[in-house]
Amino acid sequence: MKKIGIMTTGGDCSGLNTVIQRLYRGAALRGWRVFGIMDGTDGLCATPPHVIEFNNETLPIEWARMAGSFLHNGHPGALNFETAAHSGRLGHFNRQLRKSLRELGLDALVLIGGNGSISLAWCNRDIYSDIQLICIPKTIDMDIPLTDKTIGFDTAVQQLTSFCDQLMLTARSHHRWFVVQTMGRDCGQLALNAGIAIGASAILISEIKFDINALIRHIQRAPRDYGIILVSEGISLRGHSGRPADMISRKLTAAGIANRTAYPEHTQRVGDTTASDRILAARFADCALNAIANNETYVMTAIHNCECKTVSLADFFDAGYVTTDPNIPDLQTSDAYVSPDDALLEIATNLGIYLGETK
Ligand code: F6P
């Protein structure tokens, strides 16, 4: 009988509970014991580690669709690789993690995390040398290499789409524009996908340079006097500081274009998990359990061309844009962004959506 641990790290998103519930269900049917690590690495480092053992009552099926993480993602300032490095406690943190994993006697750890958590797990892989480490990618940013889908992204696109659908009605009533700032860090996938879903007039993402005057001309010549300009939080405008949506809004106002800003913020990370995210969660959970049964380790579940499989963390790391974090000595993170040949870019352009200076 195997003993497996499940841990959620990084920012929350919708779909985490579905993965947790499906992992438990599949593991229980195999006769395995399942332990939930509370509050990510912070709970794992505690003495004794904050852990619960799952049974059939722990996470009822009807809760599995809800956003957030039943296991929590850590309180502000929680102990993780980043905060440990910043406070000079990385050595202590690494030793504590290894000690806790040994005490728990787990055969495998399923880490449901984003780009940072998975990269950092790989950079500190010695910690997991005595157990199987299986990662499941989750993030609304869609910045994880080697997988076409991540848990939480589809629900985030849906949330953002619903938010903008509502704004479009008031925009029309007042003949004005809304500049909506999306999440996504430096990756424009969330803005790009939602922008196409709502029929945005412009989508600004950090992967594509834009010309503010070209944007203004595009809005002035638009066939309507209302609409939505989606601005990904990662963009910047030379010579300006502050929130990107505010910067764009000020420029539009100066050009005589009536507009307001809107910030959906963390509503993008919540909302009932879409069917598509739930199916993805079930596929990733099944794939992770099979990987454990096959004695795999240092792998991540991934979807590519509709096929679900595991990829090695070494390949995951090499496939991203690897950057050194100046705040964390010896650590690097791996990111993936909207590529210039992303099919949605051409679709957006063909629909007359301003994307920046793409030529
Ligand atoms: O990485 C997920 C994400 O939601 C980003 O899109 C966003 O920039 C960030 O986390 C927000 O983090 P916090 O919850 O700490 O404000």
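Residues numbered from 1 in each chain as written. Predicted model: local features only at pLDDT ≥ 70, side-chain atom pairs only at ≥ 80, totals over all residues. Heavy atoms only, no water.

## Here we look at the pairing of strand S5 (residues 132–137)
Test applied: Only protein chains enter the accessibility calculation, which uses a 1.4 Å probe. A residue is then buried if its area is under 20% of the maximum for its type, exposed if over 50%, and partly exposed in between. Here a helix means four or more residues in a row that DSSP labels H or I, a strand means two or more in a row labelled E, and each is numbered from the N terminus. Think of it this way: DSSP has to see at least two bridges between two strands before they count as a pair. Orient the strands so they point away from the viewer, and a crossover whose first-strand-to-second-strand path over the helix runs clockwise is right-handed.
When you tally the buried positions in S5, you get six out of six residues, the bulk of the element. The two faces of S5 match: Gln132, Ile134 and Ile136 on one face and Leu133, Cys135 and Pro137 on the other face are all buried. As paired elements, strand S4 (residues 108–113) and S5 share six bridges and run parallel to each other. Residue Ala108 lies in a different strand from S5, and its bridge partner there is Gln132. Taking the sense of rotation as the criterion, the β-α-β connection linking S4, helix H5 (residues 115–123) and S5 turns out right-handed. Here S5 pairs with strand S10 (residues 299–304) via two bridges, running parallel.

## Description of the packing of aromatic side chains
Test applied: When the centres of two rings from Phe, Tyr and Trp lie within 6.5 Å, Trp using its six-membered ring, the rings pair. Their planes under 30 degrees apart give stacked, over 60 give edge-to-face, and anything left gives tilted. For a Lys NZ or an Arg CZ to count as sitting over a ring, it must be within 6 Å of the ring centre and within 35 degrees of the ring normal.
For the structure on display, the rule yields five aromatic pairs. Summarising the aromatic geometry, the rings of Phe54 and Phe70 are spaced 6.3 Å apart at their centres and angled 55° between planes, so their arrangement reads as tilted. One end of the pair, Phe54, is in the loop between strand S3 (51–53) and helix H3 (81–86); the other, Phe70, is in the loop between S3 and H3, and 16 residues separate them in sequence. The class for Phe54 is buried, based on a relative accessible area of 6%. For Phe70, a relative accessible area of 25% puts it in the partly exposed group. On the numbers, 5.4 Å between centres and 55° between planes, the contact of Tyr321 with Tyr337 is tilted. Remark: Tyr337 occurs in the loop between strand S13 (332–335) and helix H12 (343–350) and Tyr321 occurs in strand S12 (residues 321–324); sequence separation between them is 16 residues. The class of Tyr337 is partly exposed, set by a relative accessible area of 26%. The rings of Tyr24, Phe54 and Phe70 are connected pair by pair, giving a single aromatic cluster. One cation-aromatic arrangement involves Arg224 over Tyr226; the distance from NZ or CZ to the ring centre is 5.3 Å. The positively charged end of Arg243 is found above the aromatic ring belonging to Tyr263, 4.0 Å away from the centroid.

## Topic: the sheet that holds S3
To keep it simple, the criterion reads: Note on geometry: axes are lines fitted to C-alpha atoms, helical ones only across the stretch in contact, with angles between N-to-C directions running from 0 to 180 degrees.
If you trace the seven strands from one edge of the open sheet to the other, you get S3-S2-S1-S4-S5-S10-S11, paired in mixed fashion. The two strands at the open ends of the sheet, each matched to only one other strand, are S3 and strand S11 (307–312). Strand after strand, the sheet turns through a mean of 25° between neighbouring axes, direction not considered. In this structure, strand S1 (residues 3–8) lies alongside S4, joined through five bridges in parallel fashion. Counted as the bridge partner of Thr8 is Ile112 from S4.

## Observations concerning unusual backbone geometry
The step from Thr47 to Pro48 runs through a cis peptide bond, and the omega angle for that step is -10°. Mapped onto the elements of the fold, Pro48 is located in the loop between helix H2 (40–45) and S3. Even without glycine at this site, Asp39 takes up a positive phi of about 65°. By secondary structure assignment, the location of Asp39 is in the loop between strand S2 (33–37) and H2. The phi angle at Leu146 is positive, at roughly 70°, despite the residue not being glycine.

All quantities given are derived from atomic positions and should not be read as evidence of function.
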